[in-house]
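Coordinates in review
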Amino acid sequence: MESIAPPTVVPPFLHNSGDMGEHILKYNWAQNSLGPIHRWPQSLCTTLGIMLHSAFPMFLFWSNELVCFYNDAFRPCLATDGKHPAIGKNGKEVWSEVWPFIGPLIEGVMKTGTPVWFENQVLPFYRNGGMGDIYWTFSYSPAYGDEVKINGVLVTCVETTKIGTERKKIEEIEERSRLAINAAELGTFDLNLLTNEVVASERFAAIFGLAHSISQADYVNTIHPDDLVIREKAYQQAYNTGSLEYEARVIWNDKSLHWIKVKGNIYFDDKGKPLKLLGVVQDISAEKFFSERLEKKVKERTEELETAHQSLLQANSYLQHIINLSPEPMQVLEPVFENGELIDFRYKITNNAYAAYANTTPEKLRGKKVGEVFPGYFQTSSFLNIVRTYQSGITDSWEIHYNLDGLDIYNQMSATKFNDDVIVHFTDFTRLKNLELNLVEKLAELERSNANLEEFAHAASHDLKEPIRKIHIFTSKLKSQLHAQLTETDLENFSKIERASQRMGSLVDDLLDYSHVSQQPHQMEPVNLNEKINRVLEDLELDIQQRSGTIHIDNLPVVTGFRRQLQQLFQNLISNALKYSKSGIPPQIHISASLVNEDGKQYHLIKVADNGIGFDAIYSEKIFQIFSRLHNNSEYSGSGIGLSIVKKIVENHQGRIRAESEEGKGSTFFVYLPVK
Ligand code: ADP
């Protein structure tokens, strides 16, 4: 066998054949099934020459051993820390991880000579120290040997991993959009703005109530006539801004009303001419009808509230009106706290009667603090009393003389807690109080003038006694001196003067008695009334005899009193009983005693009853007034002072007296003396 010398020159197909050409040149082919380069068939050299000089990534599997070759353009596909350098190696070993996919392809091409083409085919691939999904667009075409027999497979390929992953991403995005569109139950449409042709999803048509649509006009026809203007306006705007959005009503064939919401984007050409509109439509009937119902509910509720508010205002105005009618001042107060301490009250409601004290109106007082309007109330018991009622809940009432803040009034106040407020109400009794004060003053004045008068009466009676006595004496003297010269008429005149001076004398005596009993003695003492009456009867003995009177006396008590006055009391009553007897009928007098209870007090009741002329019951009080007489002097002499002395004496004993009588039927005098 002829030995072939190793080439000393670089074969032409490896000239300027890049890094991979270098690799081929340096490779120890003696160890390879292909043998040294200079023995390679022409077909291989030609194929390699084309491949190594091409800028397009190429790979060659040659011979049954599928020996690997590739060019510089292919080299980057193998990256680092991977298969490179794979030149001269067995293809099945180099591409072991994808062999199940490419093995059959290579075999097919080798057998049939039919090239194959794959676009963006993903293949798991080892490079850069790890496996990765690499996208390829490639063709496998037969590479012929020198004997017109397929002896290899030429792979022209381009890695499209970037495009592939982008596409995958787009697919994912598309999938997500589809899911979102489905989840949101959106209908999609694609409207060609040049031809008005519309491509829409089934759901899009369904939302418009159409089974399928023919044209854009079909959709537009379903829109409620009143809402067409909304759609028109939205499109106008979309041509300017690029985005379309509107809500409108559509009427389905069954006449039912539905709400739709359309959203989309307009795509323009380079010159800004609108080309197409991509968009989605959503059925928003449920939320629209819900919000319509909600709106209606809110409106109804607002109206209800407004009515309630109006009735409340009306009720308030009624209340204000009613409490304004009350002449009694009223306030409803709410507490004012500062740092947890109750420091004042605030007016919530007042009435006109109250506001008048501050020269204002209830409206102007509302919300003000009481202390602002009447600062003086902190100095009175009122503030503390209202605080106490607020804290204890117990109703309180008190009297107050409020002479602060320019007022001078007497009030009967009351405070009642109501919820968290206090109702304060008062009665202004200033007028009554002033009357009372006036009365007390007048009474004192009266007492003073009475005392003066009594003093004067006493002094006057005393002074009168002497001149009367003198008149009496000198008249008697004159009468006896002139006795011989006096005519019958003169004597009659003299006795008239005597009688008159006597009457005047007894009047002055009575007046002196009256003034005496007005001046109370200091000490009371036990007085046996039996003894006192006996003394009286002794004094009146002559009179009783002259009138043939009978006196019946029960056992009488011992009372505590003024001895002389009690004697005078019975003297006056018994002498009246004798004096006012019926003419021709002997007087009968009955004096009795008993114990009675009146107004929770015990009294000795002494009754003096007679069978005399009596008097009309209407005068039973009047007869006790000084100088009042029911019978004239010609029939019954008297001064009208006796019973007023009796009354005074009874009052001096803290007792009382009354009389019962009827004309012609006698009289009874009831004397009540307290049991001490
Ligand atoms: P006087 O007897 O001096 O008139 P009194 O004050 O004692 O004055 O009595 C007042 C009047 O009451 C009498 O004038 C008389 O009209 C009437 N009166 C008093 N006591 C009796 C009596 N026992 N019966 C009827 N009338 C009486």
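Our subject is the structure that appears above.
The structure reproduced in this document is the subject of the present report. All values reported here derive from a predicted model rather than from experimental measurement. (Residues numbered from 1 in each chain as written. Predicted model: local features only at pLDDT ≥ 70, side-chain atom pairs only at ≥ 80, totals over all residues. Heavy atoms only, no water.)

To continue, consider the site of the ligand. Residues in close proximity to the ligand total 20 residues, the closest being N576, Y580, R629, H631 and L643. One of the side-chain nitrogen or oxygen atoms of D610 is found 3.0 Å away from a nitrogen atom of the ligand. A distance of 2.4 Å separates an oxygen atom of the ligand from a polar atom in the side chain of R629. For the ligand, whose free accessible area comes to 520 Å², the fraction covered by protein is 98%. Put simply, the ligand lies in the largest pocket. At the level of secondary structure, the elements contributing two or more residues to the shell around the ligand comprise helix 19 (563-579), helix 20 (642-652) and strand 22 (667-674). (Near = heavy atom within 4 Å. Polar contact = N/O pair within 3.5 Å; in protein donor to acceptor, adjacent residues only side chain to side chain. Areas by Shrake-Rupley, 256 points an atom, 1.4 Å probe, with all protein chains shown as cover. 1 Å grid on protein atoms, 1.4 Å probe; cavity = no way out; pocket = protein on both sides within 12 Å on 5 of 7 lines; lining within 4 Å. Sits in = over half its atoms within 2 Å of the grid points. Helix = DSSP H or I, 4+ residues; strand = E, 2+ residues; numbered from the N terminus.)

Moving on, we come to unusual backbone geometry. Phi angles above zero are rare outside glycine, and D405 is one such case at about 50°. Looking at the secondary structure, you find D405 in the loop between strand 13 (396-402) and strand 14 (409-418).

Attention now moves to the environment of I173. Here I173 lies in helix 6 (residues 161-183). A relative accessible area of 46% places I173 in the partly exposed class. Between the C-alpha atom of I173 and that of A86, which follows or precedes it by 87 residues, the distance is 38 Å. (Buried < 20%, exposed > 50% of the residue type's maximum accessible area, 1.4 Å probe, protein only.)

The subject of this paragraph is the sheet that holds strand 2 (residues 67-70). Spatially, 2-1-5-4-3 is the arrangement adopted by the 5 strands of the open sheet, whose pairing is antiparallel. Only two strands of the sheet have a single neighbouring strand rather than two, namely strand 2 and strand 3 (116-127). Adjacent strand axes in the sheet meet at a mean angle of 30°, parallel and antiparallel pairs treated alike. Summarising the sheet, strand 1 (residues 58-62) and strand 5 (residues 150-159) pair through 5 bridges and their orientation is antiparallel. Paired with F59 across the strands is V155, a residue of strand 5. Helix-sheet contacts for helix 6 involve strand 3, strand 4 (130-144) and strand 5, and the interaxial angle to strand 4 is about 125°. (Pairing = 2+ DSSP bridges. Axes fitted to C-alpha atoms, helices over the stretch in contact; angles between N-to-C directions. Contact = heavy atoms within 4.5 Å.)

Across its 17 residues, helix 19 extends 24 Å between first and last C-alpha, which sits within 8% of the 24 Å expected from 1.5 Å per residue. Most of helix 19 is tucked away, with 12 of its 17 residues classed as buried. Turning to helix 19, its buried residues number three or more, namely Q565, L566, Q567, Q568, L569, F570, N572, L573, I574, N576, A577 and L578. (Expected span 1.5 Å × (residues − 1).)

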